[in-house]
Amino acid sequence: MYRQASRLLIRALGGGRPVGRAFSTDAPAVPVEDSTFVEAWKKVAPNLEPPKTPLSFMKPRPPTPSSIPSKLTVNFVLPYQSEISNKEVDMIIVPATTGQMGVLPGHVATIAELKPGVLSVHDGNEVTKYFVSSGFAFIHANSITDVVAVEAVPVDHIDPSLVQKGLADFTQKLSSAATDLEKAEAQIGVDVHSALNAALSG
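Analysis parameters
- Residues numbered from 1 in each chain as written.
- Predicted model: local features only at pLDDT ≥ 70, side-chain atom pairs only at ≥ 80, totals over all residues.
- Heavy atoms only, no water.
- UniProt positions renumbered as here; feature names shortened; annotations may be inferred.
- Helix = DSSP H or I, 4+ residues; strand = E, 2+ residues; numbered from the N terminus.
- Buried < 20%, exposed > 50% of the residue type's maximum accessible area, 1.4 Å probe, protein only.
- Contact = heavy atoms within 4.5 Å.
- Areas by Shrake-Rupley, 256 points an atom, 1.4 Å probe, with all protein chains shown as cover.
- Core = buried A, V, L, I, M, F, W, Y, C linked by side-chain atoms within 4.5 Å.
- Salt bridge = Lys/Arg side-chain N within 4 Å of Asp/Glu carboxyl O.
- Arc of directions from axis to C-beta.
- Phe/Tyr/Trp six-rings, centres within 6.5 Å; stacked < 30°, edge-to-face > 60°.
- Lys NZ or Arg CZ within 6 Å of the ring centre and 35° of its normal.

Under an unreviewed UniProt entry, the name given to the protein is ATP synthase subunit delta', mitochondrial, and the source organism is Phoenix dactylifera. Quoted verbatim from the Sequence similarities (unreviewed entry) field of UniProt, the annotation for the protein is "Belongs to the ATPase epsilon chain family."

J.: Sorry if this is basic, but what is going on with the overall build of the protein here?
T.: Along the backbone of the protein there are 5 helices and 10 strands. Across the 202 residues in the protein, those meeting the buried criterion constitute 31%. Of the contacts formed within the protein by residues at least 6 apart in sequence, a portion of 52% connects residues at least 24 apart. When the accessible surface of the protein is totalled, it reaches about 13100 Å², and 58% of it is carbon and sulfur.

J.: Explanation requested: the environment of isoleucine 93 in the structure shown.
T.: Checked against the element boundaries, isoleucine 93 lands in strand E3 (residues 91-96). Each C-alpha atom of the pair isoleucine 93 and leucine 119 lies 5.7 Å from the other, and the pair is 26 residues apart in sequence.

J.: How do you make sense of unusual backbone geometry when you look at a structure like this?
T.: Among all residues save glycine, negative phi is the norm, and among peptide bonds the norm is trans. Phi angles above zero are rare outside glycine, and asparagine 86 is one such case at about 50°. By the secondary structure assignment, asparagine 86 is in strand E2 (residues 82-89). Accessibility expressed as a relative area gives 54% for asparagine 86, which makes it exposed. Here the phi dihedral of serine 143 falls at roughly 65°; this positive angle occurs in a residue that is not glycine. In this structure, serine 143 sits in the loop between strand E8 (135-139) and strand E9 (144-149). A residue is classified by how much of its surface remains accessible, and serine 143, at 4% relative accessible area, is buried.

J.: What is the right way to look at the nonpolar core in this model?
T.: With 22 residues, the main nonpolar core has Phe76, Ile92, Val94, Met101, Leu119 and Val147 as its most contacted residues. With residues near it in sequence (within four places) discarded, isoleucine 92 still touches Leu72, Val74, Met101, Gly102, Val103, Ser120, Val121, Thr145 and Val147.

J.: Would you take a moment to explain the pattern of salt bridges for this structure?
T.: Note on pairing: side chains with opposite charge can pair once their charged atoms come close. This model, assessed by the stated rule, comprises 3 salt bridges. Linking aspartate 169 and lysine 165 is a salt bridge whose minimum nitrogen-to-oxygen distance equals 3.1 Å. Here lysine 165 and aspartate 169 lie together in helix H4 (residues 160-176), a separation of 4 residues that amounts to about one turn.

J.: Help me out: how do you make sense of helix H2 (residues 35-44) in this one?
T.: Those residues of H2 lying buried are Val38, Ala40, Trp41 and Val44. Projection of H2 onto a plane perpendicular to its axis shows the buried side chains occupying an angular sector of 165°, all on one side. Across H2 from its buried face, at more than 90 degrees, point the exposed residues Glu39 and Lys43.

J.: It is not clear to me how the packing of aromatic side chains should be interpreted in this structure. Could you clarify?
T.: Each aromatic ring pair is described using two quantities: the centre-to-centre distance and the angle formed by the ring planes. For the coordinates displayed, the defined rule picks out 2 aromatic pairs. Between phenylalanine 76 and tyrosine 130, the ring centres sit 5.2 Å apart and the planes meet at 70°, which makes this aromatic pair edge-to-face. A residue pair is termed long-range when its members are at least 10 positions apart, and phenylalanine 76 in strand E1 (residues 72-77) and tyrosine 130 in strand E7 (residues 126-132) qualify at 54 residues. Classification of phenylalanine 76 by relative accessible area gives buried; the value is 0%. A residue is classified by how much of its surface remains accessible, and tyrosine 130, at 8% relative accessible area, is buried. One cation-aromatic arrangement involves lysine 173 over phenylalanine 170; the distance from NZ or CZ to the ring centre is 5.0 Å.

Here it is in structure tokens:
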């Protein structure tokens, strides 16, 4: 009987025709039950409780303000600590893989992958800069941005002499690498130290 469950579910959902589904950005503000799925499940297995669907695990979507707020709320976290928590700022600039990306209040919802570079937080005349190794920036439609980085350090804590030494060491390793793995590891080292050097000079 259960071997035919998928076919029966498709038939119950509309005979194999495409079923319109909402985009993730259209997720409801409050959790709802997928009634169509539940009804179809009960027809196939009336004695079993229907399994949880993704909608059951989604948190309510934060309300999108009717007008653009004057400040951007930022959370910046690392695996071992929280650098910034619910801080209202004017703007942040993140080192996305597609280039430097400025985020202001009211920015369109976006997920950006981060590359080694400088994350700058602008609050009035104060600018705080962090060097991040990699990560993601989650920009929400309600003017909240969550930045998750693997490693980060304030730019003013970086030792320029160690950066130059590391860059020279990895450049040497890259030129003498014999295997693809050694070349890849050395290239990552060169890229990161080059980004560190650019962060210090910029």
